[in-house]
Amino acid sequence: MNKLLNFITISVVLSNTAIVSADNTASDTVANPPQTDAKRKNNLEDTILVTATRSEIKASSVAASLSALHGASLEFVGHNHIQESLLRIPGVNLHRGNGQEYLPSIRSPVLTGAGACGAFLMAEDNIPLRAAGFCNVNELFEAHTEQAQRIEVLRGVGSAFYGSNALHGIINVITPGVDDTETAVGMELGAYDYGRLKLAAGFEDFAFSLTTAHDGGYRDKSGFDQQKISLRHLYETTSLTVNTGLTYTNLNQETAGFITGKDAYKDEDTARLNLEPEAYRDAKALRAWSRFEWELLDQRQWVVTPYLRVTDMDFLQHFLPGDPLEENGQKSVGVQSAYYSGTGNTGYRANGNGDGSTQVNWVVGIDAEYTEGYLTQAQDAPTEGSVFLQETVPEGLHYDYQVGAAMLASFAHVEWLFAPAWKLTAGLRYEQMRYDYDNKMLAGRTRDNGSECGFGGCRYSRPADRSDTFDNWSPKLGLSYQLGAEHLLYANLARGFRAPQATELYRLQREQSVAELDSERVDSVEIGIKGRAAGLNYALAVYAMKKANYIFRDADFFNVSDGKTRHRGIELELGYPLSETVDLAFSGSYARHRYDYDEILGGININGKDIDTAPRHFSNTRIGWNFHPAGRVELEWIDMGAYYLEPENTHKYAGHDLLNLKLSWAMSRNWTVYGRINNLSDTTYAERADYTTFTEERYFPGTPLAVFVGVKWRPRL
């Protein structure tokens, strides 16, 4: 309770002095020098986002918790890991692993397990990075975030335009279009042999961007090499516009795992250890799409986007006994289609027709996708450890299967401006997901040669060939009221869902031969207000969610879907120019995420306990000084609250506070220099803390003070 009171107190103090953006982009507003009120108003009116409806719409009219980091802010942050940028958005809390790895959280605990990634929809240019049943918990490293035009985050249940996986939120990376690509070359050097090169060039109807990076790694025998390239092409006629995009990414990472022992991260020598020096991750991803937009009569528009994806990943599972190697991949083809009436490219008019009459805007569409995925897991040496582990985790092939998955969905979305300043929004989506699973090995829990393991059988269990189908309805209802020209009040009711992931259905353990799982479901209510007043830009949201059919692995190591959880929270986003040259920004969250079902673990009923790795509060506060018309320096304070490490709530990480310093200075029309000092106070901390009965406390240690410097050249005349 005291934490909640402190959070509210900070919010009130900041709102009395203030800076925020009515388009809910406070985190981007302060990335640039302060502007006059007239300029801010124009920027607000011109701000366009696409995540809410998969079509361009004015940010000021979006009745949802939708934030965006725009190009100027992303360039200023210059993240080496996507977490560094997303920490500027309330409710988003990625916990970094090693290299480019992370565990996700949006209005949720930091989720783990085979299907944890299924609670979030990660997309690039409105196309999900992975097929709905084949997500990867680290999949954002497959998006070209380093040169994004903007990154949009929809917190909470997605709209009717999005189906499975849009359960807790959506992160949508928007790559620069042909008209938005600026020709530039950037180079950066930093701690631990870090180096990065960024190239971009835009032409009349073609553009490309390239990023290549090398990191030697803070910890022993760790680091990565990564390459990303994005291509864009534009074709236009009087009534047809065709935008085509392609992104290819490649990651070769030497991975360092957990260090173990209570507070092990506080010891400098221990923190640098890599207990799994042979661990690695190699990942490739390709996505291509074309968006066909036909402008029809009477403000009608038809949009069709065919796309394809190919992914391939190998990684040593250093966190499992025997260090088995997993190889997985998928090939997908799909299409998104929608018919818009009354929206065009400018979004919905916030006050009806302006003459007191009503207006109805609607969208209907069909989405379809087919995916072929595969997974193998094999171990090339005997398991070390106890006799039990040696006997139940054999060397050889553990899993070898293929899955064909077909998704078909239809949706409708209506906005009714039934009175001046009032808007009612309703949406409905029906989605069917079908899996056809083909086991390439012997069914059951034997060794790959059919012999039995001791102690009752092998750990890994392979189901026989089967098919599974999941049908889901997702209704949405919202009401908004425009309080004058500068403030929007809204309330939303929504239901989200996610179908079980293929790994939850077919990668079983112990005696389980069939996973009878249901789709996870979240019912959500949200009330919010956002706007601007006297220079203050703000966005405040309060939400409550209940999740049913929560999928988890129980005490018998069975994948089951009879869990329930509840989530309550408040999020605040602020921005305010303290003077002509100094500005302040804040984003923060206070939430409780708790188990809502009976289960006895370690003799303790977890019902009502905090879900593990669910800090009740975290925030990001920034103060910036535009010391020169072309120069800016910013001090950032990251406050991460304490959290429990296991469901019984008996072990805890105390949290941490970090300071970062960032600087950018355009020395001439062509040259810009910039620098960052991460962890300015050289704090010892853990990026992620965890607990298991086998290892007890374990951590991914945070990086000490690290300096990065760079230069960017633009061919301006």
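Residues numbered from 1 in each chain as written. Predicted model: local features only at pLDDT ≥ 70, side-chain atom pairs only at ≥ 80, totals over all residues. Heavy atoms only, no water.

Q: Please clarify how the overall build of the protein chain should be interpreted in this entry.
A: Each helix and strand in the protein chain was counted, giving eight helices and 40 strands. Taking 2.2 N^0.38 as the reference for a compact globule, 717 residues should give roughly 27 Å; the C-alpha atoms of the protein chain span a radius of gyration of 25 Å, in line with that estimate. C-alpha extents for the protein chain along the principal axes are approximately 75 × 55 × 55 Å. The burial tally for the protein chain puts 59% of its 717 residues in the buried class. In the protein chain, of all internal contacts separated by at least 6 residues, the share reaching a separation of at least 24 is 68%. Of the roughly 27700 Å² of accessible surface on the protein chain, 57% is carried by carbon and sulfur atoms. (Helix = DSSP H or I, 4+ residues; strand = E, 2+ residues; numbered from the N terminus. Rg over C-alpha atoms; globule rule 2.2 N^0.38 Å. Buried < 20%, exposed > 50% of the residue type's maximum accessible area, 1.4 Å probe, protein only. Contact = heavy atoms within 4.5 Å. Areas by Shrake-Rupley, 256 points an atom, 1.4 Å probe, with all protein chains shown as cover.)

Q: Just checking my understanding: could you explain the pairing of strand 37 (residues 671-678) for this structure?
A: A regular strand places its side chains on the two faces of the sheet in alternate fashion. In this structure, strand 36 (residues 656-666) lies alongside strand 37, joined through six bridges in antiparallel fashion. Counterpart to leucine 663 in the pairing with strand 37 is glycine 675. With antiparallel pairing between neighbouring strands as the criterion, strand 36 and strand 37 make up a hairpin whose turn holds four residues. (Pairing = 2+ DSSP bridges.)

Q: How do you make sense of the nonpolar core when you look at a structure like this?
A: Considering soluble globular proteins, one finds that nonpolar side chains tend to be buried as a cluster. With 29 residues, the main nonpolar core has Leu86, Met122, Leu140, Ile151, Val153 and Ile171 as its most contacted residues. Counting residues per element, the ones that place at least two in this core are strand 6 (120-124), strand 8 (150-155), strand 9 (169-174) and strand 27 (536-553). Beyond its immediate chain neighbours, meaning those up to four positions away, leucine 140 contacts Ile82, Leu86, Leu94, Tyr102, Met122, Leu129, Thr145, Ile171 and Val173. Listed in part, the 24 residues of the second largest apolar core include Val403, Ala405, Phe470 and Ala515. (Core = buried A, V, L, I, M, F, W, Y, C linked by side-chain atoms within 4.5 Å.)

Q: How should I be thinking about the state of the cysteines in this particular structure?
A: Linking two cysteines covalently via their sulfur atoms produces the bond known as a disulfide. Overall, the coordinates contain two disulfides when judged by the stated rule. There is a disulfide in this structure between cysteine 453 and cysteine 458, and the S-S distance comes to 1.8 Å. The sign of the 75° torsion about the S-S bond sets the cysteine 453-cysteine 458 disulfide as right-handed. Note on cysteine 458: relative accessible area 1%, which makes it buried. (Disulfide = S-S within 2.5 Å.)

Q: Looking at this structure, how should I read the sheet that holds strand 3 (residues 66-70)?
A: Paired through backbone hydrogen bonds, the strands of a sheet run either parallel or antiparallel to each other. With respect to topology, five strands assemble into an open sheet ordered 3-8-9-6-7, the strand pairing being mixed. Two strands close off the open sheet at either side, each with one partner strand: strand 3 and strand 7 (127-128). Of the strand pairs in this sheet, strand 3 and strand 8 are connected by five bridges, and their pairing is antiparallel. Bridge pairing in strand 8 places histidine 70 opposite arginine 150.

Q: Honestly, a nonpolar patch on the surface in this entry has me stumped. Any pointers?
A: Together, Val185, Met187, Trp625, Phe627, Leu663, Trp665, Met667, Trp671 and Trp713 line one region of the surface with nonpolar side chains, adding up to about 860 Å² of accessible area. Of all elements in the fold, only strand 10 (184-190), strand 32 (617-628) and strand 36 reach the threshold of two or more residues within the nonpolar patch. (Patch = residues over 30% accessible without salt bridge, like charges linked within 9 Å, V, L, I, M, F, W, Y side chains within 5 Å. Salt bridge = Lys/Arg side-chain N within 4 Å of Asp/Glu carboxyl O.)

Q: I would appreciate a short explanation of the side chain of threonine 565 in the present structure.
A: Along the chain, threonine 565 turns up in strand 28 (residues 559-577). Overall, threonine 565 belongs to the buried group, its relative accessible area being 1%. Beyond its immediate chain neighbours, meaning those up to four positions away, threonine 565 contacts Met545, Lys546, Lys547, Tyr550, Arg594, Tyr595, Asp596 and Ile611.

Q: Help me out: how do you make sense of the packing of aromatic side chains in this one?
A: Aromatic rings in a pair are described by how distant their centres are and how their planes are angled relative to each other. Scanning the model with the defined rule gives 28 aromatic pairs in all. Here phenylalanine 292 and tryptophan 294 contribute two aromatic rings whose centre-to-centre distance is 5.9 Å and whose plane-to-plane angle is 15°, an arrangement assigned as stacked. Both rings, one in tryptophan 422 and one in tyrosine 481, keep their centres 4.6 Å apart while their planes meet at 45°; by these two values the pair is tilted. Taken together, the residues span a long stretch of sequence, with tryptophan 422 in strand 21 (residues 422-439) and tyrosine 481 in strand 23 (residues 466-483) at a distance of 59 residues. Overall, tyrosine 481 belongs to the partly exposed group, its relative accessible area being 28%. Clustering of aromatic rings is evident, with ring pairs tying together Phe134, Tyr401, Tyr435, Tyr437, Phe470 and Tyr506. Against the face of phenylalanine 76 rests arginine 632, its NZ or CZ located 5.7 Å from the ring centre. Here the guanidinium or amino end of arginine 698 rests over the ring plane of phenylalanine 258, the centre of that ring lying 4.1 Å away. (Phe/Tyr/Trp six-rings, centres within 6.5 Å; stacked < 30°, edge-to-face > 60°. Lys NZ or Arg CZ within 6 Å of the ring centre and 35° of its normal.)

Q: Looking at this structure, I do not really get the pattern of salt bridges. What am I missing?
A: Note that side chains of opposite charge can pair when their charged atoms are close. Following the criterion strictly, the structure yields 41 salt bridges and no others. A salt bridge links arginine 688 to aspartate 690, with the nearest nitrogen and oxygen atoms 3.5 Å apart. Through salt bridges with shared partners, a single ionic network connects Arg88, Asp583, Arg632, Glu634, Glu636 and Lys662.

Q: What's the story with the sheet that holds strand 39 (residues 696-701) in this structure? I'm lost.
A: The strand order across the open sheet formed by three strands is 15-39-38, and the pairing between neighbours is antiparallel. Each edge of the open sheet is held by one strand with a lone partner, namely strand 15 (259-260) and strand 38 (686-692). As paired strands, strand 15 and strand 39 are joined by two bridges and run antiparallel to one another. The residue bridging threonine 260 from the neighbouring strand is arginine 698, located in strand 39.

Q: Just to check I follow, could you spell out the side chain of arginine 622 for this structure?
A: On the secondary structure map, arginine 622 appears in strand 32. Nearest to the buried, unbridged arginine 622 among oppositely charged side chains is glutamate 634, at 4.3 Å. A polar contact of 2.6 Å, which involves the side chain of arginine 622, links it to the side chain of asparagine 620. (Lys, Arg positive; Asp, Glu negative; His and termini not counted. Polar contact = N/O pair within 3.5 Å; in protein donor to acceptor, adjacent residues only side chain to side chain.)

Q: Mind showing me how you'd approach the pairing of strand 26 (residues 520-533) here?
A: Summarising the sheet, strand 24 (residues 487-498) and strand 26 pair through twelve bridges and their orientation is antiparallel. Counted as the bridge partner of leucine 488 is lysine 530 from strand 26. Where strand 26 lies against strand 27, 13 bridges are found, and the strand directions are antiparallel. Each residue of the ladder has a partner; that of serine 524, found in strand 27, is methionine 545. Counted between consecutive antiparallel strands, the loop separating strand 26 from strand 27 contains two residues, among which alanine 534 sits at a positive phi close to 50°.

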